[in-house]
Amino acid sequence: DEDEPYNREDSKKYTIKAFEYLDSEDAFANTKIKSIHIGRNVAQITGAFKNCNMLESITIEPGNTLFVTDGNAVYQKTNISDGYKTKEVLMLEYYIPSKANGNINLKSDVYIINDYAFYGCKNIGEVKVDELIYVGYSAFENSSITKFTAGGEYYIFDSAFRNCKNLQSINLENVDYIDNAAFENCTSLKNVTFSENIGQIGALAFSNTGLTDVVIYGYYCGIYEGAFMNCANLQSVKLEEGVNYLEMNVFLGCPSLKTIYLSKTVQYFDDNAFNGCDNVTFELVKNTDAYDYIVDNTDFDYEIVGRYTLWQRIIDFFRMLFGLD
């Protein structure tokens with residue numbers, strides 16, 4: 001009750017009738033509360049109920065015009081704009097764990113899956129959403145999700161699918177940005193399809209996954225520290241055109257890795273970018289920065305698989321000059 005002191009250990013005994021101005025992440029996380037009533041002045045609940053696995057219901061006071069519920073989840077109303085028109089959409093704030101069972105098709109007006117929305121949900125299968133802007137921090141972390149399908153161009157933020165051990169494959173053709181540890185410890189993840197316009201693969205993004213082959217195109221794409229570290233089954237990597245730079249230890253701890261192809265656009269390397277790649281044969285295009293780096297600065301084995309000619313350099317220069325990339 002709102003007039004009784006809050007006791008974290010005994011919280012399963014209480015129904016929180018109302019509360020105002022809840023703006024603290026983890027406010028009720030990891031407790032045994034069973035029901036919650038959101039008061040009229042509440043404006044922020046992100047992460048407040050993370051890992052509340054005994055929660056059965058959430059109700060919202062009619063005077064609160066910001067949040068809505070369909071009995072399964074809580075949504076926040078928000079506005080998005082394409083530069084010409086603005087429309088009201090829903091941001092999924094929290095899916096009640098006891099309601100998150102089997103395959104889930106999110107409502108067509110849900111455009112954002114916010115931080116911790118499905119955190120720790122142990123009974124979900126495939127999740128589908130028509131059009132998406134982003135998947136928030138730890139949105140599916142520690143959940144049982146088996147497949148994720150989304151339309152639109154969207155971002156994936158820190159730890160979004162971390163420790164999702166039932167996830168076996170994912171299509172990221174519409175994802176332009178993957179943040180740190182997004183798929184870390186997804187040990188069953190074997191197949192990933194990347195966007196040809198991806199701009200970032202964050203630190204530890206796919207570390208300790210089951211990937212066997214990786215092909216990445218991009219748009220001035222950076223691959224950050226340890227992105228594919230400890231992928232024990234990884235055998236071949238192709239960093240195609242549009243991949244631009246690599247930070248340290250990207251492929252450290254990948255004992256099965258045999259070949260890495262570096263295209264003409266891979267230009268910048270951390271000094272320890274290829275730590276642990278002593279048994280790898282690099283496939284290089286002659287007269288490129290990658291060729292110069294591997295041949296002049298390392299003792300790695302390599303093969304020449306192409307040549308970057310003067311004519312190609314001139315063409316690429318004018319394409320870049322006139323924004324034709």
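Cut-offs used in this document
Residues numbered from 1 in each chain as written. Predicted model: local features only at pLDDT ≥ 70, side-chain atom pairs only at ≥ 80, totals over all residues. Heavy atoms only, no water. Helix = DSSP H or I, 4+ residues; strand = E, 2+ residues; numbered from the N terminus. Pairing = 2+ DSSP bridges. Core = buried A, V, L, I, M, F, W, Y, C linked by side-chain atoms within 4.5 Å. Buried < 20%, exposed > 50% of the residue type's maximum accessible area, 1.4 Å probe, protein only. Contact = heavy atoms within 4.5 Å. Phe/Tyr/Trp six-rings, centres within 6.5 Å; stacked < 30°, edge-to-face > 60°. Lys NZ or Arg CZ within 6 Å of the ring centre and 35° of its normal. Axes fitted to C-alpha atoms, helices over the stretch in contact; angles between N-to-C directions. pLDDT = per-residue confidence, 0-100. Salt bridge = Lys/Arg side-chain N within 4 Å of Asp/Glu carboxyl O.

**Some words on unusual backbone geometry**
- The phi torsion at Asn163 lies on the positive side, around 65 degrees, for a residue other than glycine.
- For Asn163, the position within the fold is in the loop between strand S11 (154–156) and strand S12 (169–172).
- Residues other than glycine seldom take positive phi values, yet Asn230 does so here, at roughly 60 degrees.
- Its location among the elements puts Asn230 in the loop between strand S17 (221–223) and strand S18 (236–239).

**As for the pairing of strand S20 (residues 259–262)**
- Here S18 runs beside S20; their pairing, made up of 4 bridges, is parallel. Bridge assignment links Lys238 to a residue of S20, and that residue is Tyr261.
- Note that S20 and strand S22 (residues 281–286) share 4 bridges and pair parallel. Bridge assignment links Ile260 to a residue of S22, and that residue is Phe282.

**Remarks on the nonpolar core**
- Grouped together as the largest cluster of nonpolar side chains are 75 residues, with contacts concentrated most on Phe148, Phe228 and Phe274.
- Ranked by residues supplied to this core, first place goes to helix H1 (residues 289–297) with 4 residues.
- Not counting residues up to four positions away in its chain, the partners in contact with Phe148 are Ile113, Val127, Val129, Leu132, Val135, Phe140, Tyr154, Phe161, Leu167 and Ile170.
- Formed by 16 residues, the second largest nonpolar core is a distinct cluster that contains Ile36, Ala48, Phe67 and Val74.

**Observations concerning the packing of aromatic side chains**
- By the definition in use, this model includes 28 aromatic pairs.
- Ring centres 5.0 Å apart and planes at 25 degrees place the aromatic pair Tyr155 and Tyr177 in the stacked group. A residue pair is termed long-range when its members are at least 10 positions apart, and Tyr155 in strand S11 and Tyr177 in strand S13 (residues 175–178) qualify at 22 residues.
- Pairing Tyr291 with Tyr302 gives two aromatic rings, centres 6.3 Å apart and planes at 85 degrees, and the pair type is edge-to-face. Separated by 11 residues along the polypeptide, Tyr291 in helix H1 and Tyr302 in strand S23 (residues 301–307) bring together distant segments of the chain.
- We classify Tyr291 as buried; its relative accessible area is 13%.
- Connected via pairs of aromatic rings, a cluster forms that spans Tyr95, Phe118, Phe140, Phe148, Tyr154, Phe161, Phe183, Phe194, Phe206, Phe228 and Phe251.
- Lying over the aromatic face of Tyr119, Lys50 brings its terminal NZ or CZ to 5.4 Å of the ring centre.

**Here's the deal with the sheet that holds S20**
- The parallel open sheet is built from 5 strands, whose spatial order is S16-S18-S20-S22-S23. One side of each edge strand has no neighbouring strand; the edge strands of this open sheet are strand S16 (213–216) and S23. Recorded for the sheet is a direction-independent mean angle of 15 degrees between the axes of neighbouring strands.
- Bridge count for S16 against S18 is 4 bridges, and the pairing is parallel. Opposite Val215, over in S18, you have Lys238 as the bridge partner.
- Running over the sheet, H1 touches S20, S22 and S23 and is turned about 130 degrees from S22.

**Quick word on the confidence of the model for the protein**
- On average, residues of the protein score 89 in pLDDT, and 89% of them are at 70 or above.
- Counting contacts from residues 1–23, a segment whose pLDDT is below 50, to residues more than four positions away or on other chains yields 48 contacts.

**A short note on the environment of Lys77**
- Summarising the element assignment, Lys77 is placed in strand S4 (residues 73–81).
- Counting along the chain gives 15 residues from Lys77 to Leu92, while the straight-line C-alpha distance between them is 9.0 Å.
- Contacts of Lys77, omitting those with residues within four sequence positions, involve Thr65, Leu66, Val68, Glu88, Val89 and Leu90.

**A word on the sheet that holds strand S10 (residues 147–150)**
- Across the sheet, which stays open at both edges, the 3 strands sit in the order S6-S8-S10 with parallel pairing between neighbours. At either margin of the open sheet sits one strand with a lone partner, and together these are strand S6 (102–105) and S10. This sheet shows a mean twist of 10 degrees between the axes of neighbouring strands, independent of strand direction.
- As paired strands, strand S8 (residues 124–129) and S10 are joined by 4 bridges and run parallel to one another. Paired with Val129 across the strands is Ala150, a residue of S10.

**Let's talk about the pattern of salt bridges**
- Summed over all chains, the structure comprises 5 salt bridges.
- For Glu61, the salt bridge is made with Arg40, and the minimal N-O distance between the two is 3.0 Å. Taken together, the residues span a long stretch of sequence, with Glu61 in the loop between strand S2 (57–60) and strand S3 (67–69) and Arg40 in the loop between strand S1 (35–38) and S2 at a distance of 21 residues.
- For Arg40, a relative accessible area of 49% translates into the label partly exposed.
- Among the salt bridges present, the one from Glu126 reaches Lys128, with a minimum N-O distance of 4.0 Å.
- Connected via shared salt-bridge partners are Glu141, Arg162 and Glu184.

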